[in-house]
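Here are the chains, one letter per residue:
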Amino acid sequence: MSVLDLLWRFPSVQMAWRNLGRNRIRTGLATLGIVIGVVAIASLGMTGAALQQQADSNLGSLTNEVSVSAGADSATDGVTESQVDDIENVVVAAAIVPQRSDSTTLSTRRGESRRVTVTGVTNAGALYETSAGDTPDRLRTGALLSDDTAADLGLELGDPVEYDGQLYRIVGLIESDSGFGPGGNELVLPSSALSDGAYDSVTIVAEDGQTATAIADRLDAEFNEPDDEALSVTSFASAQANVDSFLNTLNLALLGIGSISLVVASVAILNVMLMSTIERRGEIGVLRAVGIRRGEVLRMILAEAAFLGLLGGIVGAALSVGTGLVVFQLLAGDRLAVFGWPSIRYVVGGFGFAVVASVLSGLYPAWKAANDPPVEALRG
Amino acid sequence: MGSQVGVVRLAGVTKRYQNGDETIEALADVDFRAERGEMVTVIGPSGSGKSTMLNVIGLLDTPTTGTVRIQTRDVTAFTEDELTEERRSVIGFVFQEFHLLPMLTAVENVELPSMWEPTVDRRDRAVDLLRRVGLGDRLDHTPDELSGGQRQRVAIARALINEPDIVLADEPTGNLDRETGETILEELTALQTNENVAVVAVTHDEQLVEYADRVVELVDGRVTT
Ligand SMILES: Nc1ncnc2c1ncn2[C@@H]1O[C@H](COP(=O)(O)OP(=O)(O)O)[C@@H](O)[C@H]1O
Ligand SMILES: [Mg+2]
């Protein structure tokens, strides 16, 4: 209330408000243009934010792993023992799990069979969680099997499985519920069970995504030249970065579309302000004749434009929040997330853009009206 | 006080308009002076330069040659912003078409010229002026709720709000019937004595002449009397 009182002390503001009240339909239509612009820019921005949030929560669990395999220019067929040593020298404070891969068919005495991937790994505990049995830090003799494969084949802890002519006893069952990554139809054996020689890949498990990214960058710098890729280093954090950058591009495109509608709205305001100052030419001439200064006329008309922007901005922001609630409910399943800064900033931005664009659109009409010679204006 | 110099004074004022190839001389070497407490009527046929002369006196237009003085100040070379200040503090205007702002009430229209001034008592003064022109009961009416004569009274009150030295009226009765026109003229003559201002009124109507202390006649931009 006191802010309004204060505003009212400014004659330009008071006159502007009254002038807008004179042609309500025109004021309403100009405001509507701004409302549409703000809703467009804010709801498209918030849609991007909701997609981002959803992508984050889907990728979240995997982002701390870095996967290393032989690079395109590598002379060897995989990651060699000495390269693993080098990696161990470079990477600290992370579990380094070299592994070999193969596939085989497991069959039971009853004649059922399943195709499984075989992973030879020593430090199984770093990669796998078991629902039953052990997850030995060093897997020397036993085997781990995905629990759903075990169930399909009727295998239990302690049962033997055969690979490459050797029998291994099942010491643990792997939870196979995770969406991405390891798990599902997988047989994990001691590293020695698979042929020696190079490893097929090395998985590095870091504290979090940031460390994983740092490790990946470090390895890349250490082993690879721009034209000589010895190791192919993939971090899921960088996969997330890829998703992020895609979403950023998408966001920019969405915001671009939104901005275009605000630009269109500004042109509409320019048009409305120009028409209304031309219509009121004589009246503005009277103001100038009775001694109202040019700056005062200028401010009055700028205030009109600012009011249009403010009105449109407020209504637009309110509608945008409403739209955002629906969008977040649908895309991220959490409608209150709309009030988080990553999303609400688009509402704030849209509102700010509306006011600034309106004032800018008012500049030319205001300048033109203020500098119209009063004699000419009065003659009509 | 300033009766030797005049409250406003034109000396050798010529105003030319360029209309394509043709040059129109709206005012030709005009000398003019008005004193406080005096009512001067400017008459002449249509197109003789009456409005142009009033606009020059009112600092809305600048002469092509010649000088314009307000009291002792030579304002001929003033910038637009300086002229605006002069208009605000020295001159009051009454127009043929009233030129009231439709969204403002009578009292707000009267306040208008002082609206941007931080004066505290302008509302009181506006009400007082409206009472004086007989509109004490129409303070909050908007122009479309007032008759032509009432609108012109509001305009007269508006011309007085900044306590001017000169009131200029360009055909103030032109849009009014004869009877209403006479009441407006009486109002204007009352000004010149009550407010001690110079009143310069333009008309092409002989009727106005009987209210004047002095008559200036223009023909083709020249003063003939
Ligand atoms: N802005 C202008 N451009 C060109 N000619 C003008 C302009 N203003 C006035 N004139 C001309 O100057 C002359 C005097 O005009 P004006 O002062 O309006 O006469 P009056 O008020 O006596 O009818 C007329 O011939 C008119 O056409
Ligand atoms: Mg005229």
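Our structure is the block above this text.
Residues numbered from 1 in each chain as written. Chains lettered and ligands numbered in written order. Predicted model: local features only at pLDDT ≥ 70, side-chain atom pairs only at ≥ 80, totals over all residues. Heavy atoms only, no water.

A. Looking closely at the packing of aromatic side chains. Residue and element names in this part refer to chain B. Counting across every chain of the model gives 2 aromatic pairs over all chains. For the ring pair Phe93 and Phe95, a centre distance of 5.7 Å and an interplane angle of 10 degrees mean the geometry is stacked. For the residue pair Phe93 and Phe95, the accessibility class agrees, reading buried in each case. (Phe/Tyr/Trp six-rings, centres within 6.5 Å; stacked < 30°, edge-to-face > 60°. Buried < 20%, exposed > 50% of the residue type's maximum accessible area, 1.4 Å probe, protein only.)

B. Examining the site of ligand 1 more closely. Neighbouring ligand 1 are the residues A:Arg379, B:Tyr17, B:Ile24, B:Ala26, B:Pro45, B:Ser46, B:Gly47, B:Ser48, B:Gly49, B:Lys50, B:Ser51 and B:Thr52. Within the backbone of B:Gly47, an N or O atom sits 2.7 Å from an oxygen atom of ligand 1. In this structure, B:Thr52 approaches ligand 1 through a side-chain N or O atom, which is 2.5 Å from an oxygen atom. In isolation ligand 1 offers 560 Å² of accessible surface; the protein chains occlude 73% of this area. For the shell around ligand 1, the secondary-structure elements that each account for two or more residues are strand E2 (22-34) and helix H1 (50-57) of chain B. The biggest single contributor to the shell around ligand 1 is H1(B), with 3 residues. Looking at the shell around ligand 1 residue by residue, the classes come out as 4 nonpolar, 6 polar and 2 charged. (Near = heavy atom within 4 Å. Polar contact = N/O pair within 3.5 Å; in protein donor to acceptor, adjacent residues only side chain to side chain. Areas by Shrake-Rupley, 256 points an atom, 1.4 Å probe, with all protein chains shown as cover. Helix = DSSP H or I, 4+ residues; strand = E, 2+ residues; numbered from the N terminus. Nonpolar A, V, L, I, M, F, W, Y, C, P; charged D, E, K, R; others polar.)

C. Just helix H4 (residues 81-90) of chain A, in detail. Residue and element names in this part refer to chain A. Listing the buried residues of H4 in full gives Gln83, Val84, Ile87 and Val90. The buried side chains of H4 occupy one side of the element, clustering within an arc of 120 degrees when seen end-on. Of the surrounding elements, those touching the buried residues of H4 are strand E1 (65-70), strand E2 (95-107), strand E9 (201-205), helix H6 (209-223) and strand E10 (231-235). (Arc of directions from axis to C-beta. Contact = heavy atoms within 4.5 Å.)

D. View of unusual backbone geometry. Residue and element names in this part refer to chain B. Even without glycine at this site, His99 takes up a positive phi of about 55 degrees. Take His99: it is sitting in the loop between strand E6 (91-94) and helix H3 (106-111). Looking at His99, the relative accessible area reads 18%, which means it is buried. One non-glycine residue with positive phi stands out, namely Asp220, at about 50 degrees. On the secondary structure map, Asp220 appears in the loop between strand E9 (214-219) and strand E10 (222-223).

E. Quick look at the layout of surface pockets. Put simply, the largest pocket is a space of about 610 Å³. Lining the largest pocket we find 26 residues, and of these A:Arg379, B:Ser51, B:Thr52, B:Asn55 and B:Asp170 sit closest to its centre. Among the elements that take part in the lining of the largest pocket, H1(B) stands out by supplying 5 residues, more than any other. A breakdown of the residues in the lining of the largest pocket according to their chemical character gives 11 nonpolar, 10 polar and 5 charged. (1 Å grid on protein atoms, 1.4 Å probe; cavity = no way out; pocket = protein on both sides within 12 Å on 5 of 7 lines; lining within 4 Å. Points joined across faces, edges and corners; volume = space filled by probe spheres on them.)

F. Quick look at the packing of helix H8 (residues 281-289) of chain A against helix H9 (residues 294-331) of chain A. Residues and elements named next belong to chain A. H9 packs onto H8 with a crossing angle of 140 degrees between their chain directions and a minimal axis gap of 9 Å. In terms of axis orientation, H8 runs oblique to H9. For H8 against H9, the interelement crossing comes out right-handed. Together, Ile284, Leu287 and Arg288 of H8 and Arg294, Val297, Met300 and Ile301 of H9 make up the contact between the two elements. Looking at the contact of H8 with H9, its residues break down into 5 nonpolar, no polar and 2 charged. (Axes fitted to C-alpha atoms, helices over the stretch in contact; angles between N-to-C directions. Parallel < 35°, antiparallel > 145°, perpendicular 65-115°, else oblique. Left-handed = near helix turned anticlockwise from the far one by under 90°.)

None of the figures reported here should be taken as evidence of function without further support.
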